[in-house]
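# Commentary on secondary and tertiary structure
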Amino acid sequence: MHAVLARRRGLAVTHLEREPEGRGASVRNFGLVWVSGRRAGPELALALRARELWESIAADAPGTGFRPHGSLTIASSQAELAVMREAADLPDAKQRQFEVLSADGVREVNPALQGEFLGGLWCRADAIVEPRVALPALRSWLSSTGPGYEWLPGHEAVETAANGVRDHLGQWHRGDLVVLCTGANFTGIAGPHLAESGALASAPGAEGRGLRRVRLQMLQTLPFPGRLTTSIADGDSLRYYPAYNVPSLPSLPPQAAVAAANRAQLLLVQRLDGSLTIGDTHEYDEPFGFDVKEDAYDHLLDRASALLGTALPRVQRRWAGVYSEVTGTSALYHRSVVKPGVVLVTGPGGRGMTCSPAIAEETFL
Ligand SMILES: Cc1cc2nc3c(=O)[nH]c(=O)nc-3n(C[C@H](O)[C@H](O)[C@H](O)COP(=O)(O)OP(=O)(O)OC[C@H]3O[C@@H](n4cnc5c(N)ncnc54)[C@H](O)[C@@H]3O)c2cc1C
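What this report covers is the structure whose coordinates are included nearby. Counting starts from 1 at the beginning of each chain's written sequence and moves along it residue by residue. Per-residue local features are limited, in this predicted model, to residues with pLDDT of at least 70; the limit for side-chain atom pairs, both in listing and counting, is 80 or more; totals at the level of whole chains, interfaces and linings are taken over all residues. Neither water nor hydrogens contribute to the side-chain values; these are computed over all heavy atoms in the structure.

## Some details on the packing of aromatic side chains
Operational definition: What counts as a ring pair is set by centres within 6.5 Å for rings of Phe, Tyr and Trp (its six-membered ring), and what kind of pair is set by the plane angle: stacked under 30 degrees, edge-to-face over 60, tilted for all other angles. Per the convention used, a helix needs a DSSP run of H or I reaching at least four residues, while a strand needs a run of E reaching at least two, with both numbered from the N terminus. Note on classification: 1.4 Å probe, protein chains only; a residue is buried when its accessible area is under 20% of the maximum for its type, exposed when over 50%, partly exposed between these limits. Definition used: whenever NZ (Lys) or CZ (Arg) falls within 6 Å of the ring centre and also within 35 degrees of the ring normal, the charge is taken to sit over that ring.
Counted under the stated rule, the structure contains two aromatic pairs. Plain terms: the ring middles of Trp34 and Tyr241 are 5.9 Å apart, the flat faces sit at 50° to each other, and that makes the pair tilted. A residue pair is termed long-range when its members are at least 10 positions apart, and Trp34 in the loop between β2 (32–33) and α3 (42–60) and Tyr241 in the loop between β13 (231–234) and α9 (257–261) qualify at 207 residues. In terms of burial, Trp34 and Tyr241 fall into one category: buried. Relative to Tyr244, the ring of Phe98 has its centre 6.3 Å away and its plane inclined at 20°; by these criteria the two rings are stacked. Taken together, the positions of Phe98 in strand β4 (residues 98–102) and Tyr244 in the loop between β13 and α9 put the pair 146 residues apart, joining distant regions of the chain. A relative accessible area of 1% places Tyr244 in the buried class. We note Arg132 situated over the ring of Trp319; from NZ or CZ to the ring centre the distance is 5.0 Å.

## Remarks on α3
Using the following cut-off: A helix is expected to span 1.5 Å for every residue after the first. In this analysis, two residues are considered to be in contact whenever any of their non-hydrogen atoms come within 4.5 Å of each other.
Taking 1.5 Å as the rise per residue, α3 with 19 residues should run 27 Å; its terminal C-alpha atoms sit 27 Å apart, in good agreement. Three or more residues of α3 are buried, namely Glu43, Leu44, Leu46, Ala47, Ala50, Arg51, Leu53, Trp54, Ile57 and Ala58. In this structure, the buried side of α3 is in contact with α1 (2–8), β2, α5 (93–96), β6 (127–128), α7 (131–144) and α11 (352–363).

## Quick look at the sheet that holds strand β3 (residues 71–75)
Convention followed: We call two strands paired when DSSP finds no fewer than two bridges between them. Axis definition: a line fitted to C-alpha atoms, limited for helices to the stretch in contact. Angles are taken between N-to-C directions and run from 0 to 180 degrees.
Spatially, β4-β5-β3-β13-β14-β15-β12-β16 is the arrangement adopted by the eight strands of the open sheet, whose pairing is mixed. In the strand order of this sheet, the two ends are held by β4 and β16 (315–327), each with one partner. On average, each strand axis in the sheet is inclined to that of its neighbour by 25°, with strand direction left out of account.

## Focus: a positive patch on the surface
Rules: Within this analysis, patches are made of residues with over 30% relative accessible area and no salt bridge. Like charges are joined at 9 Å or less; nonpolar side chains (Val, Leu, Ile, Met, Phe, Trp, Tyr) at 5 Å or less. In short, Shrake-Rupley with a 1.4 Å probe defines the accessible areas, and a residue's cover is counted only from the protein chains shown. Salt bridges are defined by distance alone: a side-chain nitrogen of Lys or Arg within 4 Å of a carboxyl oxygen of Asp or Glu. Just so you know, the count uses Lys and Arg for positive and Asp and Glu for negative, and it drops His and the chain ends. To locate a charge, the coordinates of NZ of Lys, CZ of Arg, CG of Asp or CD of Glu are taken.
A surface patch of positive charge is lined by Arg23, Arg28, Arg132 and Arg317. Inspection of the secondary structure puts Arg317 in strand β16.

## Observations concerning the packing of α3 against α11
Definition in use: Oblique is the label for any angle not covered by the other classes, which are roughly parallel (under 35 degrees), roughly antiparallel (over 145) and roughly perpendicular (65 to 115). Each residue is assigned to one of three groups, with Ala, Val, Leu, Ile, Met, Phe, Trp, Tyr, Cys and Pro labelled nonpolar, Asp, Glu, Lys and Arg labelled charged, and all others, Gly among them, labelled polar.
Running from amino to carboxyl end, α3 crosses α11 at an angle of 90°, the nearest separation of the two axes being 7 Å. One element, α3, and the other, α11, form an angle in the roughly perpendicular class. Every residue of α11 that contacts α3 at Leu46, Ala47, Arg49, Ala50, Leu53, Trp54 and Ile57 is listed here: Met353, Thr354, Cys355, Ser356, Pro357, Ala358, Ile359, Glu361 and Glu362. Here the residues of the contact of α3 with α11 sort into 11 nonpolar, two polar and three charged.

## Notes on the nonpolar core
Using the following cut-off: Here the nonpolar core consists of buried residues drawn from Ala, Val, Leu, Ile, Met, Phe, Trp, Tyr and Cys, with membership extended through side-chain atoms lying within 4.5 Å.
Counting 61 residues, the largest nonpolar core has Val4, Phe98 and Tyr244 as the members making the most contacts within it. Beyond its immediate sequence surroundings of up to four residues, Tyr244 is in contact with Ser36, Gly37, Thr73, Val83, Ala87, Phe98, Leu121, Ser237, Leu238 and Leu249. Counting residues in hydrophobic clusters, the runner-up holds 28 residues, among them Leu113, Leu308, Leu312 and Val315.

What follows is the structure in structure tokens.
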């Protein structure tokens, strides 16, 4: 997104990626452009600006698969419905385009939802993109902008200097600004700076403030025969998103034990080929597992099947992803100056796919 926003400003861009193709959080996520759950104030404003930018970027790069399909968060209990009603009464509900619906209203908006539930919260401001193909689609637009864009896959940045970066093959790349977007890699090129500046939540005396990593489990089914007109969340998601921090939130009954143990919420997005991306879990303590846990998947598949009111197609893929997240401060992501003309931008957490265009825009302000 930094490359896209830089090219939009007419800047020449050299884009280094250590892998042959992006393999980080940006290709592993749901592709949810998620306005609904954002905290009131600057976080919501950043997400709304990003939503606007996504739409215009996708007009240039339709392969990103952007669609303004909105989301439905489904209530399976009166307590969940009460939280939704309170959230929909807040002053910023209009910006999120919130509407509380009855069970019939939910089915009218998204007829694929044929399970048992009491109602739901419709957020028309949410949208969807296709994470597995968004990066190549953006690069295809970047390449069409002329000779000012150079893509260098298989080039790992290993050393910085003022206004410059050296790749592992020994070549220096210099410019007015170097932006390090190294994701959840806390060693490597950003490592010494992160350690020396005390930016990590694990640093002595950090007391939980600063950057940490979070690992999530995901899966994707074979194509589902029906068409989902919105993305879907279950009531557990009310516990994870700050938009739902309303007076009745503490009245929610405890989560199912397996969901609580895995910090799970159901998020479900239908991909353009009809398959369903389903997640997620949250693991905060390192070292992370190197394997995926089946009990968490069983829970998420059961929840999805209960809301759709039908058996799900066979799972075709399972994976885990790690993002970096800034914690314990009011910052929405981490930006710091590494050297003159070199900045590090990371830590957007679970809102990175949503907010990336607006974060990149702020880099060039
Ligand atoms: C499972 C999962 C689901 C998520 N769902 C959503 C969602 O639906 N909506 C949402 O808003 N957010 C979501 N997120 C969060 C979002 O995906 C991340 O915040 C965002 O993608 C982070 O982008 P990034 O560019 O910082 O990191 P990454 O996408 O990880 O990219 C970092 C890249 O830098 C490369 N790299 C690292 N070091 C070097 C080096 N030295 N030289 C060259 N290249 C290097 C890596 O190879 C990698 O390609 C999710 C995250 C995960 C893991």
